[in-house]
Amino acid sequence: MIDEKLLVAQLKNSDTQEKAFRTLISLYKERLYWHIRKIVLSHDDADDILQNTFIKVFKNIHSFKENSKLYSWMYRIATNESITFINKKATKHHIDISELQHKMVDDLQEDLYYSGDEIQQLLQKAIFTLPQKQQLVFNMKYFDEIKYSEMSEILETSVGSLKASYFHAVKKIEKFLKSH
């Protein structure tokens, strides 16, 4: 396990920044990719957003205040980049976000990098019926197994609110799956 404080110091030092950034990418690339992919579903879109996330991290590392974990800060950037991407895509196509999300789930079948079966696709459809915050909370808790305390840092929301969001998300997903 790498010392996060040391890595941050190396990232902020121009002499060690490049090597530290390569280390950062190798440590977090896969976890961030899958977090983004759960939000945008498309491999190509997730790759682009991941790249944008690392660019933002690189450009803004000096403003990282270290009052949260580095990973939590990067996770927040990745989440915000993903949400911004979805919002821009919906605006560009002149449709609302829920319409876009239904299209994204339908497009999964044609995605060469998606290997899910019918049940997994049905679960994705159920998740996409949730409000955006509940989607994020459900994905982070169910798939990523992130603790509520960490989630609270990332999403800047109280633990109680996150627990309530997860509870309601699970109930809505159960209802959706029972009706299909």
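Before any of the text, the structure's been laid out above.
An account of the accompanying structure is given in this report. (Residues numbered from 1 in each chain as written. Predicted model: local features only at pLDDT ≥ 70, side-chain atom pairs only at ≥ 80, totals over all residues. Heavy atoms only, no water.)

1. Description of helix α7 (residues 132-143)
For α7, built from 12 residues, the straight-helix expectation of 16 Å at 1.5 Å per residue is met to within 8% by its first-to-last C-alpha distance of 16 Å. All buried positions along α7 are accounted for by Q134, Q135, L136, V137, F138, N139 and M140. On the buried face of α7, the contacting elements are α2 (17-40), α4 (70-92), α5 (97-107), α6 (118-128), α8 (148-155) and α9 (159-179). Two residues or fewer after α7 comes E145, characterised by a positive phi angle close to 55°. (Helix = DSSP H or I, 4+ residues; strand = E, 2+ residues; numbered from the N terminus. Expected span 1.5 Å × (residues − 1). Buried < 20%, exposed > 50% of the residue type's maximum accessible area, 1.4 Å probe, protein only. Contact = heavy atoms within 4.5 Å.)

2. Structural notes on the packing of aromatic side chains
The tally for this structure, following the rule as stated, stands at 10 aromatic pairs. Here the aromatic rings of F138 and F143 are separated by 6.2 Å at their centres, their planes lie at 85°, and the arrangement is edge-to-face. Residue F138 is classed as buried on the basis of its relative accessible area, which comes to 4%. Ring centres of Y142 and F143 lie 4.9 Å apart, and the angle between their planes is 85°; this geometry places the pair in the edge-to-face category. Take Y142: its relative accessible area is 44%, and that puts it in the partly exposed class. When its relative accessible area of 32% is taken as the criterion, F143 is described as partly exposed. Feature note: the residues F138, Y142, F143 and Y166 constitute an aromatic cluster, connected by ring pairs. Here the guanidinium or amino end of R31 rests over the ring plane of Y71, the centre of that ring lying 3.9 Å away. (Phe/Tyr/Trp six-rings, centres within 6.5 Å; stacked < 30°, edge-to-face > 60°. Lys NZ or Arg CZ within 6 Å of the ring centre and 35° of its normal.)

3. Notes on the pattern of salt bridges
Across all of its chains, the model carries 7 salt bridges by this definition. For the salt bridge of K89 with D45, the shortest nitrogen-to-oxygen distance reads 3.2 Å. Remark: D45 occurs in helix α3 (residues 43-60) and K89 occurs in helix α4; sequence separation between them is 44 residues. According to the relative accessible area criterion, D45 is buried, its value standing at 14%. A salt bridge links E81 to K56; the shortest N-O distance between them is 2.7 Å. One end of the pair, E81, is in helix α4; the other, K56, is in helix α3, with 25 residues separating them in the sequence. (Salt bridge = Lys/Arg side-chain N within 4 Å of Asp/Glu carboxyl O.)

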